Amino acid sequence: MKEDMHMRIGISCYPTLGGSGAIATELGKALAKRGHEVHFIVSGIPFRLGLFLDNIYIHEVEPMSYPVFRQNPYDMALAAKMADVVRNYQLDILHVHYAIPYAVCAFLAKEMLGEKSVKVVTTLHGTDVTVLAQDPLLRDVIRLGIEKSDAVTAVSESLIEQTNEVFQTKCPITKIYNFVDLHEFRRITKPSWKEKIAPNDEKILMHVSNFRGVKRVPDVLAVFHKVRERIPSKLLLVGEGPDLELARTITHQRGLDRDVFFLGKQDEIASLYSLADLFLLPSEKESFGLVALEAMACGVPVIGSIIGGIPEVVEHGHSGFLSPVGNVEDMAENALQLLKNQDMWQHFSKAARKRAKLFTLDEQVKKYEDVYESLQ
Ligand code: GMT
C-alpha cells in the first residue's frame, strides 16, 4: 500500500464481546493511526476502543421501533445506517466482520446506493461458517453475503477450507491471520494479584471465552480438576455467556468453589494472562483462537484441542500441547507434564512468545490495506 493513499473505511462488527469484535476494533484503531478515516457503524461502543482517537468516528445504529413489529428489525436499521454513512462520508470501503448480519446488510446498503458505490470486504471469523451455515436456510443467506462481497478474507487456512467445503463457492478468499499487539500483550508482573489468587504459590490455569457450547467449558473444569488432584492449583475463568451458570454448577458439584475464580468481563486482560502458568482452550470448534494467541504473547503455553485453526497458531510440543476434542485425560496429562517441569515450562513459555511474534498487528494490517487497495 502506498504511503499517502489514505481511505475512508467503514467497519461493522459485534461491539460487545468476542474475538471478531476485538480484531475489528484493533484493526480500526491501527488504520486510523496510519492516517485512514475510520467509521465504526455499530450497535454500541466497541469494547476495545479505549480513549478518544483521531480519525475515528462512531455511528451507533438505533433499532427501528413501531408497534406493529413483534421484534424490532435491527438488520434493516443497520443496512440503512450503513448506506447513510457511506453516502455522507463517501466511504471507499465497508469492511464487515462476521457474515451474519453484517455481510448481508452491507449488500443491502450497496444495492440502495447503486452500482458504483462502496466496495464491501467481508471477514469470516468462524461460527458464521462452521455453525450457522450448517442450517440450510441460513446457509443461503450467508452464501449471498459472501458471494456479493467484493473481497472476502478469513482468519485461518482451516476456515478457508471449511468455507469452500460448505458453500462450494468459487469466490476467492484471502487468508489474513488474526494478530496481537506485542507491546500491550507481554508478561506483566503483578505480585499483589498473584498473592491474592495463589497465596501459597499454587499453579494458575486460565480460560477466557464467551462461554458458548463450542468452548466446552465442562472440559475446562474437568482438566482443571484432574490437575488440581495432583498439584495445588487455581483456575481463572474470564468472560461471560450462556454456559456460565453451567460452569458454576459444575464447579460446585466438583467441590472446586475455593479454587475457581469467576472474573466476568475484564479490561486489563494482559495482566491476567500474565498470572497464568497455562491457558486452556479445549474447544469443539475454533477458527483461530485469538485468546490462545494473546495468552502466548504473554508467555503462557496452551493446552487445547487439535481443531480448526488452533494448530496454525499453537505448535504442538513447542508452544503448547494439543489433544483430540474431548480427551480431557490427555489434556490433563500434558498440563501436568508442563507444570511439574520448570525447565520445560520455561522453554514452552519462550516458544509461545516467539510464536506470537509471527502474528504482528503491523503485518496483518498491511494485508488488509492491500485488499482494500486492490479494490480501488
Ligand atoms: O465465530 C464466533 O464464534 C465468534 C467469534 C468471536 O467474535 O469471538 O469467534 C471467532 O472469531 C475469532 C476472531 O477471529 C477467532 O479467534 C475464534 O477462534 C472464532 N471462534 C470460533 O471459531 C468458535
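What counts and what doesn't
Residues numbered from 1 in each chain as written. Predicted model: local features only at pLDDT ≥ 70, side-chain atom pairs only at ≥ 80, totals over all residues. Heavy atoms only, no water. Helix = DSSP H or I, 4+ residues; strand = E, 2+ residues; numbered from the N terminus. Rg over C-alpha atoms; globule rule 2.2 N^0.38 Å. Buried < 20%, exposed > 50% of the residue type's maximum accessible area, 1.4 Å probe, protein only. Contact = heavy atoms within 4.5 Å. Areas by Shrake-Rupley, 256 points an atom, 1.4 Å probe, with all protein chains shown as cover. Lys, Arg positive; Asp, Glu negative; His and termini not counted. Charge placed at Lys NZ, Arg CZ, Asp CG, Glu CD. Near = heavy atom within 4 Å. Polar contact = N/O pair within 3.5 Å; in protein donor to acceptor, adjacent residues only side chain to side chain. Nonpolar A, V, L, I, M, F, W, Y, C, P; charged D, E, K, R; others polar. Domains from an automatic or database assignment. Buried area = accessible area lost by both parts, 1.4 Å probe. Salt bridge = Lys/Arg side-chain N within 4 Å of Asp/Glu carboxyl O. Pairing = 2+ DSSP bridges.

Novice: Account for the overall build of the chain, naming residues and giving values.
Specialist: Across its full length, the chain carries 15 helices and 13 strands. Its C-alpha atoms give the chain a radius of gyration of 21 Å, near enough to 21 Å, the size a compact globule of 376 residues would have. Reported as C-alpha extents along the three principal axes, the dimensions of the chain are approximately 65 × 50 × 40 Å. Across the 376 residues in the chain, those meeting the buried criterion constitute 55%. In the chain, of all internal contacts separated by at least 6 residues, the share reaching a separation of at least 24 is 71%. Carbon and sulfur atoms make up 50% of the accessible area of the chain, which totals about 16800 Å². If you average the places of the 43 positive and of the 49 negative side-chain charges in the chain, the two averages end up 2 Å apart.

Novice: I'd like to hear about the site of the ligand, residue by residue, with values.
Specialist: Gly19, Ser20, His125, Thr127 and Glu286 are the nearest of the 17 residues found near the ligand. In this structure, glycine 19 approaches the ligand through a main-chain N or O atom, which is 2.6 Å from an oxygen atom. Here an oxygen atom of the ligand sits 2.6 Å away from a polar atom, N or O, in the side chain of arginine 212. Protein chains bury 95% of the 480 Å² of accessible surface belonging to the ligand in isolation. Residues of the shell around the ligand, tallied by class, amount to four nonpolar, ten polar and three charged.

Novice: Go over the domain arrangement of the chain with me, naming the residues and quoting the values.
Specialist: Partitioning the chain into domains gives domain 1 (8-179 + 360-374) and domain 2 (191-356). A separation of 30 Å is found between the C-alpha centroids of domain 1 and domain 2. Across the boundary between the two partners, domain 1 contributes 22 residues, which contact 15 residues of domain 2. Counting the surface lost from both domain 1 and domain 2, the interface buries some 1300 Å², and carbon and sulfur atoms represent 59% of this. The largest contributions to the domain 1 side of the interface with domain 2 come from Leu17, Arg48 and Asn178, which together make up 31% of the buried area. Here glutamate 294 ties to arginine 48 by a salt bridge, and the two come within 2.8 Å at their closest N and O atoms. Taken together, the connections running from domain 1 to domain 2 amount to seven residue pairs in polar contact (both at pLDDT 80 or more). No other element matches the four residues that helix 6 (residues 157-167) contributes to the side of domain 1 that touches domain 2. Looking at the side of domain 1 that touches domain 2 residue by residue, the class counts come to eight nonpolar, eleven polar and three charged.

Novice: Tell me about the pairing of strand 13 (residues 320-323), and please be specific about residues and values.
Specialist: Going residue by residue along strand 13, you find Gly320 and Leu322 tucked away on one face and Phe321 and Ser323 tucked away on the opposite face as well. Across four bridges, the pairing between strand 12 (residues 302-305) and strand 13 is parallel. Within the sheet, the bridge partner assigned to valine 302 lies in strand 13 and is glycine 320.

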